[in-house]
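Fold and geometry: a report
Below are the chains, spelled out letter by letter.
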Amino acid sequence: RHFQRMIWLTAFGSAAVAVVPLPGLTVVCDYGVVTAFLSNIFRSFGLEDTSLQILAKRVKMNWQDLKAEITSRFKDGVTTEVVMSFFKTPSVAAIMTLKGLLSCVIPFGHLPAGAVTVGIIHHLLNKGLREMENDTRSVLEKARLLQQE
């Protein structure tokens, strides 16, 4: 629930930047917001190597076996490639293009661009959160700290 609230707050914060009629600002902001948020989730869920090594030591397992349970796009962490993969899907790319056109071409178009930003950032952050939740569940099941469903 905490992350769900943070997703909404982050999406609205990004929208506040999107209403500033400065070409390119919203794209840079969206990328930075998504990267920072997903990095925080990754660390909070203990999916980075250091946390996996500590967990493995506690449950007397090989940390590589725990890391192998991370099967999402985040298996190597929150990298530039991973974040860009969120933005490169056809639907997101089309919406981002529309948002850019709204904010730059149409007078007062930056206002609807802000509304579009809330939706797209909310969608992207939820998608990343769900993937990392599944990875975390798999790691904990492998470590026998969570019963399999």
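Residues numbered from 1 in each chain as written. Predicted model: local features only at pLDDT ≥ 70, side-chain atom pairs only at ≥ 80, totals over all residues. Heavy atoms only, no water.

So, the overall build of the protein
Of regular secondary structure, the protein possesses seven helices and zero strands. Reading the helices (α) and strands (β) of the protein from amino to carboxyl end gives α-α-α-α-α-α-α. Within the protein, buried positions represent 40% of all 149 residues. The long-range fraction of contacts in the protein, counting pairs at least 24 apart against all pairs at least 6 apart in sequence, stands at 71%. Taken as a whole, the protein presents about 8,500 Å² of accessible surface, with 61% of it coming from carbon and sulfur. (Helix = DSSP H or I, 4+ residues; strand = E, 2+ residues; numbered from the N terminus. Buried < 20%, exposed > 50% of the residue type's maximum accessible area, 1.4 Å probe, protein only. Contact = heavy atoms within 4.5 Å. Areas by Shrake-Rupley, 256 points an atom, 1.4 Å probe, with all protein chains shown as cover.)

What to know about the packing of helix α2 (residues 25-44) against helix α5 (residues 80-87)
Contact geometry of α2 with α5 gives a least axis separation of 10 Å together with a crossing angle of 120°. Between α2 and α5, the angle is such that the two are oblique. Remark: the crossing between α2 and α5 carries right-handed chirality. From α2, Asp 30, Tyr 31, Val 34, Thr 35 and Leu 38 reach across to α5, where they touch Thr 80, Val 83, Met 84, Phe 86 and Phe 87. Taken together, the residues that form the contact of α2 with α5 break down as seven nonpolar, two polar and one charged. (Axes fitted to C-alpha atoms, helices over the stretch in contact; angles between N-to-C directions. Parallel < 35°, antiparallel > 145°, perpendicular 65-115°, else oblique. Left-handed = near helix turned anticlockwise from the far one by under 90°. Nonpolar A, V, L, I, M, F, W, Y, C, P; charged D, E, K, R; others polar.)

Side note on the packing of aromatic side chains
Tallied over the entire structure, the rule returns four aromatic pairs. Where Trp 8 meets Phe 12, the ring centres are 6.0 Å apart and the plane angle is 25°; that geometry is what we call stacked. Highlighted residues: Trp 8 and Phe 12, both in helix α1 (residues 2-18), separated by four residues, approximately one helical turn. Through successive ring pairs, a cluster of aromatic residues spans Phe 3, Phe 37 and Phe 45. In this structure, Arg 73 is placed above the aromatic ring of Phe 86, and the distance from its NZ or CZ to the ring centre is 4.2 Å. (Phe/Tyr/Trp six-rings, centres within 6.5 Å; stacked < 30°, edge-to-face > 60°. Lys NZ or Arg CZ within 6 Å of the ring centre and 35° of its normal.)

Considerations on the pattern of salt bridges
In total, this model carries two salt bridges according to the counting rule given. For Arg 73, the salt bridge goes to Glu 131, with nearest N and O atoms at 2.8 Å. A residue pair is termed long-range when its members are at least 10 positions apart, and Arg 73 in the loop between α4 (63-67) and α5 and Glu 131 in helix α7 (residues 110-142) qualify at 58 residues. (Salt bridge = Lys/Arg side-chain N within 4 Å of Asp/Glu carboxyl O.)

Some details on the environment of Val 78
Positionally, Val 78 belongs in the loop between α4 and α5. Not counting residues up to four positions away in its chain, the partners in contact with Val 78 are Thr 35, Leu 38, Ser 39, Phe 42, Val 83 and Met 132.

So, α5
Along α5, the residues that are buried comprise Val 82, Val 83, Phe 86 and Phe 87. For α5, the arc enclosing every buried residue in end-on projection is 145°, short of the 170-degree limit, so these residues lie on one face. (Arc of directions from axis to C-beta.)

Some remarks on helix α3 (residues 49-59)
Residues of α3 that are buried include every one of Leu 52, Leu 55 and Ala 56, and no others. Angular distribution of buried residues about the axis of α3 spans 100°; they occupy a single face of the element. Of the exposed residues in α3, the ones pointing more than 90 degrees away from its buried face are Lys 57 and Arg 58. Within two residues after α3, Lys 60 carries a phi angle of roughly 55°, on the positive side.

Looking at the side chain of His 122
Within the element layout of this structure, His 122 appears in helix α7. Taking relative accessible area as the criterion, His 122 reaches 17% and is therefore assigned buried.

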